[in-house]
Amino acid sequence: STLAAATLSGKFIANGRVEAFSLKVGQHKHSGVKRKHLKITTVPIEVPLLYPSAMFAFDVHFPGAAVEDIVQVSFSKSLGRLHTTGHMLDDDKVRVTVHNPGYNIAVVQLPTGVFTVTCTSYNADE
């Protein structure tokens, strides 16, 4: 891998894997410093049949995740009109929820798949 020197524009060009323990994007005083980016994938999960306005929730043990983290959830198959959300229940514990919104008139059965949960954390600019 290679890392080119900064040009007058302040850009670095990297070819290969770059590991960073903190990352600041932007010059604004409130842009923040990214301190954590954790990702975990569940075992295959079969979501039950979801009627309109129904939801299915399960908890994921996630070592290193903390209550102040930002949680993102994705699914390995198409969600169609369903939605996923994730939030911290406690340190090391994330709740993942699959929602069939009330405006969706269809009963939906998702195929079995895996959920990817990502937890990130930012600190104020240093």
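That block above? That's the structure.
The paragraphs below set out a description of the structure included in this document.

Rules behind the numbers
- Residues numbered from 1 in each chain as written.
- Predicted model: local features only at pLDDT ≥ 70, side-chain atom pairs only at ≥ 80, totals over all residues.
- Heavy atoms only, no water.
- Pairing = 2+ DSSP bridges.
- Helix = DSSP H or I, 4+ residues; strand = E, 2+ residues; numbered from the N terminus.
- Axes fitted to C-alpha atoms, helices over the stretch in contact; angles between N-to-C directions.
- Buried < 20%, exposed > 50% of the residue type's maximum accessible area, 1.4 Å probe, protein only.
- Contact = heavy atoms within 4.5 Å.

Re the pairing of strand 7 (residues 83–90)
Next up, step 1: As paired elements, strand 7 and strand 8 (residues 93–99) share seven bridges and run antiparallel to each other. What sits directly across from His83, in strand 8, is His99.
Next up, step 2: Between strand 7 and strand 8, which pair antiparallel one after the other, the connecting turn spans two residues, and Asp92 there sits at a positive phi close to 70°.

Overview of the sheet that holds strand 4 (residues 33–41)
Next up, step 1: What the four strands build is an open sheet, ordered 3-4-9-6; its pairing is antiparallel. Each edge of the open sheet is held by one strand with a lone partner, namely strand 3 (23–24) and strand 6 (70–75).
Next up, step 2: Bridge analysis of strand 4 against strand 9 (residues 115–123) gives eight bridges, and the strand direction is antiparallel. Bridge pairing in strand 9 links Lys36 to Ser121.

Topic: the sheet that holds strand 5 (residues 55–61)
Strands pair in a sheet through their backbones, by hydrogen bonds, and they do so in one of two ways: parallel or antiparallel.
Next up, step 1: In space, the three strands of this open sheet follow the order 5-8-7, with antiparallel pairing throughout. Taken across any chain shown, the strands that pair with only one partner, and hence form the sheet edges, are strand 5 and strand 7. Geometrically, the sheet is characterised by an average inter-axis angle of 20° between neighbouring strands, direction not taken into account.
Next up, step 2: Judged from the seven bridges that link them, strand 5 and strand 8 form a sheet pairing that is antiparallel. The residue of strand 8 that forms the bridge with Val60 is Val94.

Examining the side chain of Thr118
Next up, step 1: Examined against the element boundaries, Thr118 turns out to sit in strand 9.
Next up, step 2: Overall, the relative accessible area of 8% leaves Thr118 in the buried class.
Next up, step 3: Filtering out sequence-adjacent residues up to four positions away, Thr118 remains in contact with His37, Leu38, Lys39, Ile70, Val71 and Gln72.

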